[in-house]
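Observations on the model geometry
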Amino acid sequence: MPAVSKGDGMRGLAVFISDIRNCKSKEAEIKRINKELANIRSKFKGDKALDGYSKKKYVCKLLFIFLLGHDIDFGHMEAVNLLSSNKYTEKQIGYLFISVLVNSNSELIRLINNAIKNDLSSRNPTFMCLALHCIANVGSREMAEAFAGEIPRILVAGDTMDSVKQSAALCLLRLYKTSPDLVLMGEWTSRVVHLLNDQHMGVVTAAISLITCLSQKNPDEFKTCVSLAVSRLSRIVSSASTDLQDYTYYFVPAPWLSCKLLRLLQCYPPPEDGAVKGRLVECLETILNKAQEPPKSKKVQHSNAKNAILFEAISLIIHYDSEPNLLVRACNQLGQFLQHRETNLRYLALESMCTLASSEFSHEAVKTHIETVINALKTERDVSVRQRAADLLYAMCDRSNAKQIVAEMLSYLETADYSIREEMVLKVAILAEKYAVDYSWYVDTILNLIRIAGDYVSEEVWYRVIQIVINRDDVQGYAAKTVFEALQAPACHENMVKVGGYILGEFGNLIAGDPRSSPLVQFNLLHSKFHLCSVPTRALLLSAYIKFINLFPETKSTIQEVLRSDSQIRNSDVELQQRAVEYLKLSSIASTDVLATVLEEMPPFPERESSILAKLKKKKGPGAVSVNELEEGKREGELNGGGERGGDNSGIAASNASTPSPSADLLGLRTVPPVTAAAPSAGSLLVDVFSEAGVNDDGFLRDLEPPTESSDSLLAEGSGDSDSAPPSAVSEDPAPPLPESNELLNKFVCKNNGVLFENQLLQIGIKSEYRQNLGRMYLFYGNKTSVQFVTFTTTVTCPGELQSQLNVQTKTVEPLIEGGAQVQQVINIECLTDFLDAPLLNIKFRYGGALQNLTLKLPVTINKFFQPTEMASHDFFQRWKQLSQPQQEAQKIFKANHAMDTEVLKAKLLGLGMALLENVDPNPENFVCAGVIQTKAQQVGSLLRLEPNAQAQMYRLTLRSSKDTVSQRLCELLAEQF
Amino acid sequence: MKGHDSSDLARERDASVHVTGLLTSAFTAISHKAHARGNECNINFKMQFMLLFSRQGKLRLQKWYVPLSDVQKKKISREVIQMVLARKPKMCSFLEWRDLKIVYKRYASLYFCCAVEDQENELITLEIIHRYVELLDKYFGSVCELDIIFNFEKAYYILDEFILGGEAQETSKKNVLKAIEQADMLQEEAETPRSVLEEIGLT
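Residues numbered from 1 in each chain as written. Chains lettered and ligands numbered in written order. Predicted model: local features only at pLDDT ≥ 70, side-chain atom pairs only at ≥ 80, totals over all residues. Heavy atoms only, no water.

Description of the overall build of chain A
The helix and strand tally for chain A stands at 45 helices and 16 strands. Taking all 978 residues of chain A together, the buried fraction comes to 56%. Nonlocal contacts in chain A, meaning residues at least 24 apart in sequence, comprise 68% of its contacts between residues at least 6 apart. When the accessible area of chain A is evaluated, it comes to approximately 40,500 Å², of which 50% is carbon and sulfur surface. (Helix = DSSP H or I, 4+ residues; strand = E, 2+ residues; numbered from the N terminus. Buried < 20%, exposed > 50% of the residue type's maximum accessible area, 1.4 Å probe, protein only. Contact = heavy atoms within 4.5 Å. Areas by Shrake-Rupley, 256 points an atom, 1.4 Å probe, with all protein chains shown as cover.)

Structural notes on the side chain of His302(A)
Its location among the elements puts His302(A) in helix α16 (residues 300-320). Apart from residues lying up to four places away in sequence, His302(A) is in contact with Tyr250(A), Phe251(A), Val252(A), Pro295(A), Lys296(A) and Ser297(A).

Concerning the nonpolar core
One finds Ile116(A), Leu449(A) and Tyr132(B) to be the most contacted residues of the largest nonpolar core, which totals 280 residues. Leave out the neighbours within four places in its chain, and Tyr132(B) touches Met50(B), Leu52(B), Leu61(B), Phe112(B), Ala155(B), Ile158(B), Leu159(B) and Phe162(B). Ranked by size, the runner-up nonpolar core spans 62 residues in total, among them Tyr770(A), Leu856(A), Leu905(A) and Leu974(A). (Core = buried A, V, L, I, M, F, W, Y, C linked by side-chain atoms within 4.5 Å.)

Regarding helix α21 (residues 383-396) of chain A
In this model, α21(A) (14 residues) spans 20 Å end to end at C-alpha, consistent with the 20 Å of a helix rising 1.5 Å per residue. Here α21(A) lies mainly inside the structure; 12 of its 14 residues are buried. (Expected span 1.5 Å × (residues − 1).)

Describing the interface of chain B and chain A
How big an interface is tends to be reported as the loss of accessible area on association of its parts. On the chain A side, the residues contacting the 86 residues of chain B number 104 residues. Taking both sides of the interface into account, the surface hidden between chain B and chain A amounts to around 8,400 Å²; carbon and sulfur atoms contribute 53%. Summed over the shared surface of chain B and chain A, the result is 7 salt bridges. Where Asp382(A) meets Arg87(B), a salt bridge forms, and the shortest distance between an N and an O atom there is 2.7 Å. There are 29 residue pairs in polar contact (both at pLDDT 80 or more) connecting chain B and chain A. When residues of the side of chain B that touches chain A are assigned to their parent elements, the largest contribution, 11 residues, is made by helix α4 (residues 122-140) of chain B. Among the residues making up the side of chain B that touches chain A, the classes are represented as 31 nonpolar, 18 polar and 37 charged. (Buried area = accessible area lost by both parts, 1.4 Å probe. Salt bridge = Lys/Arg side-chain N within 4 Å of Asp/Glu carboxyl O. Polar contact = N/O pair within 3.5 Å; in protein donor to acceptor, adjacent residues only side chain to side chain. Nonpolar A, V, L, I, M, F, W, Y, C, P; charged D, E, K, R; others polar.)

Concerning the sheet that holds strand β5 (residues 774-783) of chain A
Residue and element names in this part refer to chain A. If you walk across this open sheet you meet the 5 strands as β3-β4-β5-β8-β7, and the pairing is antiparallel. Both edges of this open sheet fall to β3 (754-758) and β7 (806-810), since each of them pairs with a single strand only. Each neighbouring strand pair of the sheet contributes to a mean axis angle of 25°, computed without reference to strand direction. (Pairing = 2+ DSSP bridges. Axes fitted to C-alpha atoms, helices over the stretch in contact; angles between N-to-C directions.)

With respect to the pattern of salt bridges
This model, assessed by the stated rule, comprises 50 salt bridges over all chains. A salt bridge links Lys91(A) to Asp119(A), with the shortest nitrogen-to-oxygen separation between them at 2.7 Å. Of this pair, Lys91(A) sits in helix α5 (residues 88-100) while Asp119(A) sits in helix α6 (residues 106-120); the two residues are 28 residues apart in sequence, bridging distant segments of the chain. We note a salt bridge from Glu167(B) to Lys177(A), for which the minimum N-O separation is 3.8 Å. Here the residue Glu167(B) occupies a position in strand β7 (residues 167-168), and Lys177(A) occupies one in helix α10 (residues 162-178), the pair thus bridging two chains. Each member of the pair Glu167(B) and Lys177(A) is classed as buried. A cluster of three or more residues bridged by salt bridges with shared partners is formed by Arg388(A), Asp391(A), Glu423(A), Lys427(A) and Glu96(B).

Let's talk about the packing of aromatic side chains
The geometry of an aromatic ring pair is captured by two quantities: the separation of the ring centres and the angle between the planes. Residues and elements named next belong to chain A. Summed over the entire model, instances satisfying the criterion amount to 31 aromatic pairs over all chains. Measuring from centroid to centroid gives 4.8 Å for Tyr249 and Trp256, while their planes differ by 70°, and the two rings are edge-to-face. Each member of the pair, Tyr249 as well as Trp256, is classed as buried. Considering the side-chain rings of Tyr781 and Phe792, the 5.2 Å spacing of their centres and the 65° angle between planes classify their relative orientation as edge-to-face. Separated by 11 residues along the polypeptide, Tyr781 in strand β5 and Phe792 in strand β6 (residues 789-797) bring together distant segments of the chain. You'll find Tyr781 and Phe792 in the same group, each marked buried. (Phe/Tyr/Trp six-rings, centres within 6.5 Å; stacked < 30°, edge-to-face > 60°.)

Shown next, in the form of structure tokens:
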């Protein structure tokens, strides 16, 4: 039994706890508890009214039993009764029970709320605090409804005791977190902000948490807190360690309050007022200086408290990202910590440096620590520290050190903890791709990756290496040679077999001249792995074999024999069996020319965001990879071949890459965009091979004939529909939007007139004008053929949310268009509120009996409703700063797609609909624009800044709007324009 | 003290399975991963919970600052206790767990462990733990695990005076203890003396 038992001793409780502790087994404990529960239950139900003390004791025992992990289903009522006791200890136990075992029973909540109400109005500070603690602990919506109005009053009332104020502030914070809609600061705002000036440090400490949270949500209303926070901080930082008496912690003045002040300042941009800013910079410098002073105490608490403030100050410096001097000093300080004997400090220094690495001012300074970080990766005994080191290496990586970092990460992978291997693999793959200067290095790196950590190499990684090899012809021979060598290893990972199979199937011919890697040697090598592989890999290998037959006719008989064997042609797996049958047939029926066409080398993959990056992003959450990095990765990568292609194509390809069906990803059949001119006609043939071959050999052969006029209608029809299908088979449902419709949409972001669409049959011209939130669009449908179009109908639909955002009215159009004629259609558009998608225009008509069905996006984009706004430089920057919340800003950094000609840029920006402001940006190279988007519901002010970098051929585009979705959308639209 | 303590509390409390998915979603809802620069505008619960447990994994005190069901709480405590107990002495005091940070420190036989939001300052959290230990120590006079077991309600009261809703309310040791002592005074005044017999009688 403990010697100290202050206040009331509840002897019965102590005895019970001792009993439990003396139980020799779990069973004995349960037995003892059940006995006690039965006893308490009978007491509560008994005829004899219990006095307050007994009630308190039993409630406390129930609480103890609950905390042991047992369920408690009674006693709540008795606990609520205790709340209204006028004895403090009974009340206290009652509140504790409620706080720990809160029940959503609304009946009870009402009773609890009544008791709380009484205590709040008791004017007894101890009771008031108890009641406030209970609200803060439970924080339910019902409590917010009952007390959210009352607590701000208590908080700011002049006669409230300090301790009550403290509890009220945090109680209100808790209610705000659960029910922000119920906590209305309104008239109290300024008095709450001024609590930062309170004489009582405890009140400031509690109130600042509330103010920080409220500032995050309503930065404008609370912005006066910045200067108050700076002056408070300055007073603390410059005070001697004894000045703050009990708020000094191990010679550090008010560490908790200092950290909270620095955190509050991170809700805002740097102070505009020069004097305030100067004072703040002084504080930050003092904090950095103090870190260099000898410690005032050897206790770890002293250094922890001091460094807690230092790290918070560094966070603020990084947040501002505008003081190069401070950033570099911060970096040097962290560099010292990297070799500190305290593991905690090393961990935090690595973590903090990660964010410093992304600032242009300190990136170089961070890089100087590379050796220390690599060393940490090798020698740290704690995996969480090693993980931080790996993160930092990833963050500090750039072209200059990529090879070194990738090599170190690869060698670390050999011994890395299983928990972080997959992430490491992704990071290595991304760095290798992002900073590849020569592709042989890239291929080596990825193959090493597969060799070292094959199990952790996800599909995205090996898909990616294949895409890149296919898109870069300068690396194909090297890739074939390297995979061939890698496959020599007696035990190689299945992922290696996949990459090997695919690459040799495509490019094995490039190394076939060497007798050591003659076609037959290649085949035997691949086939020696066949039996050890899973079904999808075997399927891939079968495709490689048929490609071999095309590449090397001399392997034909060997391969046919393999395909003909029972283990292939009668394989129990239907996919393998089908492939074996089809490939065997294909190899024996088709002529060499046909084979060569069907099994042509894969066309380049469309450019798209690296799927690996997307995966890492998903894995680490949005915070892990910044938008800039993503963009940079995409542009700097430059590994993808294909030129400009529509976003939709890549969508198709991306969805395909993850299809489990091997037939889809192996030959990449459906990744061949059916419309793009670059796609060879073999693309559509291959589709037919798979949809018809094996079912109908005749049809299959017929489909191998050179394409006829059917290729015309491919535009209008889905790629899967073969020309042999009768016209009536074409669906009457509106076709999905054309893959290139996004590109077509982008063409009209900065202009209002032009040709929207054209194919062999039809041309659609467009003319449009916009005023305020209204628009009128004229569409001209031209029949390019000499035959009439019949049952010509058009429908405009607003999919999904758009329905409530745009009001679109169309006049019906003539159902008949003579050959060579043109008809006109008027569309009226009203913008109700801001929107993202474009309306869809579906056009159906019959041409020579065949139904034509196509869907386009109408080029109605949010910027069409811009009203230009002229303003002076000063006004512009003022408004720019007002829109400083992170979600109000959208930014993209991207590579120029067109020549960076100033006049063209100006014309485009004017076409956008905003006012192009001259002499605003200090840098004459930059463009700034302002405008107001007019919608029926509201007006959305938007500011734009475009910073071209002619040297790097890059742009940085920044948009700020009073509405976050608008900034995002404008940024997306515009990034495609330059 | 012997015998029972060694049994794995976590296992004893195994009341539930298959809640992982549920938990994960609960947690993403609570603390949405913040922007890398700490610019987060979501409302975050800074400290989400505090656990005190013994070297044998016995939970001695649990304080939750986020609304979670009992099943979730049990699952989380089990997971966190297991993870922290597996750490070796010289390792760092911070752990990433789900999208939270676990900050822990061992004092004699007891582990003190806080889960804070990802952007929170780790070192200051470590000192929150230390200040709480100091408060307990001062109040009980050289505190030991037994004090917390037998006077668990006091441990809760002290914690409530120090931290409220997951935020430091009063960091002055003197002020916290003054508040607790005042409450003790109140109850001593209010208590009517009881005979020992009555105490033991029908507990």
